[in-house]
Amino acid sequence: MGDKFETDTEKLKRRNRELSILNAVAEALNREVDLSRALHTALSQTTELLDLHTGWIWLMREETGRFYLAAAQDLPPALANNPRRMEGWCYCLEEYEEGGLADGENVSIVTCSRLQELVDNGMPEATLGLRYHASVPLYGREGKPLGVMNVASTDWRELSDADLELLHTIADLLSIAVERTRLFAQSTQVGALEERNRLAREIHDTLAQGLAGIALHLETADAFLEAGLNADRTRQAVRQALELTRASIEEARRSVLDLRAAPLEGRTLAEALASLVQEQGAQGKLHTTFEATGENRPLPVRVEAGLYRIAQEALTNVVRHANATELVVHLLIQPEQVRLAIEDDGTGFDANALPQGRYGLVGLTERAKLLGGTIEVSSSPGEGTGLEVTIPLEGKG
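Since the model is a prediction, treat every value here as computed from it, not as a measurement.

What follows is about the packing of helix H8 (residues 269-284) against helix H9 (residues 301-322). Two numbers describe how H8 lies on H9: the axes approach to 10 Å, and their chain directions differ by 10°. In terms of orientation, H8 lies roughly parallel with respect to H9. Note that H8 runs across H9; the crossing there is right-handed. Where H8 abuts H9, its residues Leu-269, Ala-272, Leu-273, Leu-276, Val-277, Gln-280, Gln-283 and Gly-284 lie against Glu-304, Leu-307, Tyr-308, Ala-311, Gln-312, Leu-315, Thr-316 and Val-319. Among the residues forming the contact of H8 with H9, the class breakdown is 10 nonpolar, 5 polar and 1 charged.

The structure is reproduced here in structure tokens:
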């Protein structure tokens, strides 16, 4: 709490400031149902109102129990420019898992192991003078572990007791927001699954059965012609219609399977891409490399599905057209965006004189645009091809 010699006026000013901060944070969080936006809102409000420099939030993924960087605000260059430094073990996450942050005010000032390593390696300038942070644990109902919020500034080593208590209350607000947005996302996902299955049944009950009926009638007409006069042209047209109809039935069946069993179902995007790269590499006899950073961070379903389809189409093009021997795929997921890079050592092409429809770039670009993203292609004859997809994520702010 505050200094024991604090006057009544000072206490009143402090309480007014604390209530003002809590009100601002609560109001901002209550406006959000998107988890990323809620986290960025909480961070920006907390760092601004408490005059702090930076902050970041770790969340525990419910399915795996692994942590991912869910939001970040003004990270020092050493961390911002090297996302892999924000992966894996650190002291505060270990303390959190072992319950070491759960005593007292549920807030602890700790030395940041990620920053300390840089200082020890002679790179203090890359940390902007940051060494310590306040680690604020996030817990849900019945003590369910949610994650950790870290906040830091260049001009302090320890926050006051009053500020630590305030951070604890903000953590409670943030925890409520995390659980609320997750429940909202789950309800939306259930609704989308129900709609997907409804569409699958509708396709099966209408399109597929209708096409099957057309095929039956055309087969009957063909049989009547067989028993009558010679009508080669009519028979040829009927048989062509039969082939098209059967192909349409198979396409309808494939659509039903796609709707009922999406390629990512039960897997993360990184897992699905790793499998895809391996399969396509084996098909094209390519030596493949797949790397993922930030793969524990969940993405919106439409972003995961869209990126998977983009990768699927791009890798198919590599196998069919590139005459490559090496294939490298990188997936980088950050709070503000996701990037997918695909490189091959194939024959390449002149990007300025690309034949219309070559490499399916039109379709890939359209898919990226639907996700609000962009595609960049770099290539030259004999130098291979590089393709990079960048999709912005909601919540950047």
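That covers the picture; the talk isn't over yet.
Attention shifts here to the packing of aromatic side chains. Per the counting criterion, the structure on display carries 2 aromatic pairs. Each ring, one from Phe-67 and one from Tyr-96, has its centre 5.9 Å from the other, and the planes form 70°; the classification is edge-to-face. Highlighted residues: Phe-67 in strand S2 (residues 67-73) and Tyr-96 in helix H4 (residues 91-97), separated in sequence by 29 residues. With respect to class, Phe-67 is no different from Tyr-96; both count as buried. Taken together, the ring pairs in this structure connect Phe-67, Tyr-96 and Tyr-139 into an aromatic cluster.

Core analysis: the biggest nonpolar cluster contains 36 residues, and Leu-331, Val-338, Leu-340 and Val-389 have the highest contact counts within it. Counting only elements with at least two residues in this core, the list comes to H8, H9, strand S7 (326-333), strand S8 (337-344), helix H10 (361-370) and strand S10 (385-392). Tallying contributions element by element places H9 first for this core, with 9 residues. Ignoring anything within four residues of it in the chain, the contact list for Leu-340 reads Leu-273, Leu-307, Ala-311, Val-329, His-330, Leu-331, Leu-387, Glu-388 and Val-389. The next biggest cluster of nonpolar side chains, apart from the first, holds 30 residues, and it includes Ala-38, Ala-71, Met-149 and Ala-177.

What follows covers the sheet that holds S10. Pairing is mixed in the open sheet, where 5 strands are placed in the order S6-S7-S8-S10-S9. The open sheet has two edge strands with one neighbour each: strand S6 (287-293) and strand S9 (374-379). On average, adjacent strands in this sheet sit at an angle of 10° to one another, irrespective of strand direction. As paired elements, S9 and S10 share 6 bridges and run antiparallel to each other.

In this approach, a probe sized like a water molecule rolls over the atoms, and the result shows the empty space that is left. The calculated volume of the second largest pocket comes to roughly 320 Å³. Taken together, 22 residues line the second largest pocket, and the ones lying closest to its centre are Leu-69, Ala-72, Leu-75, Pro-335 and Glu-336.

The element strand S5 (residues 145-152) is largely enclosed, with a buried count of 7 among its 8 residues. In terms of strand pairing, strand S1 (residues 54-60) meets S5 through 6 bridges, oriented antiparallel. Paired with Thr-54 across the strands is Ala-152, a residue of S5. Examined bridge by bridge, strand S4 (residues 132-139) and S5 share 6 bridges and lie antiparallel to one another. Residue pairing for S5: Ser-135 is matched across the bridge by Asn-150. Between the end of S4 and the start of S5, which pair antiparallel, lie 5 residues, with Glu-142 showing a positive phi angle near 55°.

With that settled, the discussion passes to empty space enclosed by the protein. The final tally for this structure, using the stated rule, is 2 cavities of 30 Å³ or more. Approximately 30 Å³ is the volume attributed to the second largest cavity. Lining the second largest cavity are Arg-61, Thr-268, Leu-269, Ala-270, Glu-295, Arg-297, Leu-299, Glu-304 and Ile-333. Its residues assigned to classes, the lining of the second largest cavity comprises 4 nonpolar, 1 polar and 4 charged.

This model, assessed by the stated rule, comprises 7 salt bridges. With a shortest N-O distance of 3.0 Å, Lys-144 and Glu-62 are connected by a salt bridge. Remark: Glu-62 occurs in the loop between S1 and S2 and Lys-144 occurs in the loop between S4 and S5; sequence separation between them is 82 residues. A residue is classified by how much of its surface remains accessible, and Lys-144, at 35% relative accessible area, is partly exposed.

Relative to the elements of secondary structure, Leu-43 occurs in helix H2 (residues 35-49). Separated by 131 residues in the primary sequence, Leu-43 and Leu-174 have C-alpha atoms spaced 9.6 Å apart.

Turning our eyes to something else, we now look at the packing of helix H1 (residues 8-30) against H2. Remark: H1 packs on H2, axes separated minimally by 9 Å, with the N-to-C direction vectors making an angle of 160°. The pairing of H1 with H2 is recorded here as roughly antiparallel in orientation. Judged by the sense of rotation from one axis to the other, the crossing of H1 with H2 is right-handed. Facing Arg-17, Ile-21, Ala-24, Val-25, Ala-28 and Leu-29 of H1, the residues of H2 in contact are Ala-38, Thr-41, Ala-42, Gln-45, Thr-46 and Leu-49. In terms of residue class, the contact of H1 with H2 is built from 8 nonpolar, 3 polar and 1 charged.

Conventions we followed
Residues numbered from 1 in each chain as written. Predicted model: local features only at pLDDT ≥ 70, side-chain atom pairs only at ≥ 80, totals over all residues. Heavy atoms only, no water. Axes fitted to C-alpha atoms, helices over the stretch in contact; angles between N-to-C directions. Helix = DSSP H or I, 4+ residues; strand = E, 2+ residues; numbered from the N terminus. Parallel < 35°, antiparallel > 145°, perpendicular 65-115°, else oblique. Left-handed = near helix turned anticlockwise from the far one by under 90°. Contact = heavy atoms within 4.5 Å. Nonpolar A, V, L, I, M, F, W, Y, C, P; charged D, E, K, R; others polar. Phe/Tyr/Trp six-rings, centres within 6.5 Å; stacked < 30°, edge-to-face > 60°. Buried < 20%, exposed > 50% of the residue type's maximum accessible area, 1.4 Å probe, protein only. Core = buried A, V, L, I, M, F, W, Y, C linked by side-chain atoms within 4.5 Å. Pairing = 2+ DSSP bridges. 1 Å grid on protein atoms, 1.4 Å probe; cavity = no way out; pocket = protein on both sides within 12 Å on 5 of 7 lines; lining within 4 Å. Points joined across faces, edges and corners; volume = space filled by probe spheres on them. Salt bridge = Lys/Arg side-chain N within 4 Å of Asp/Glu carboxyl O.

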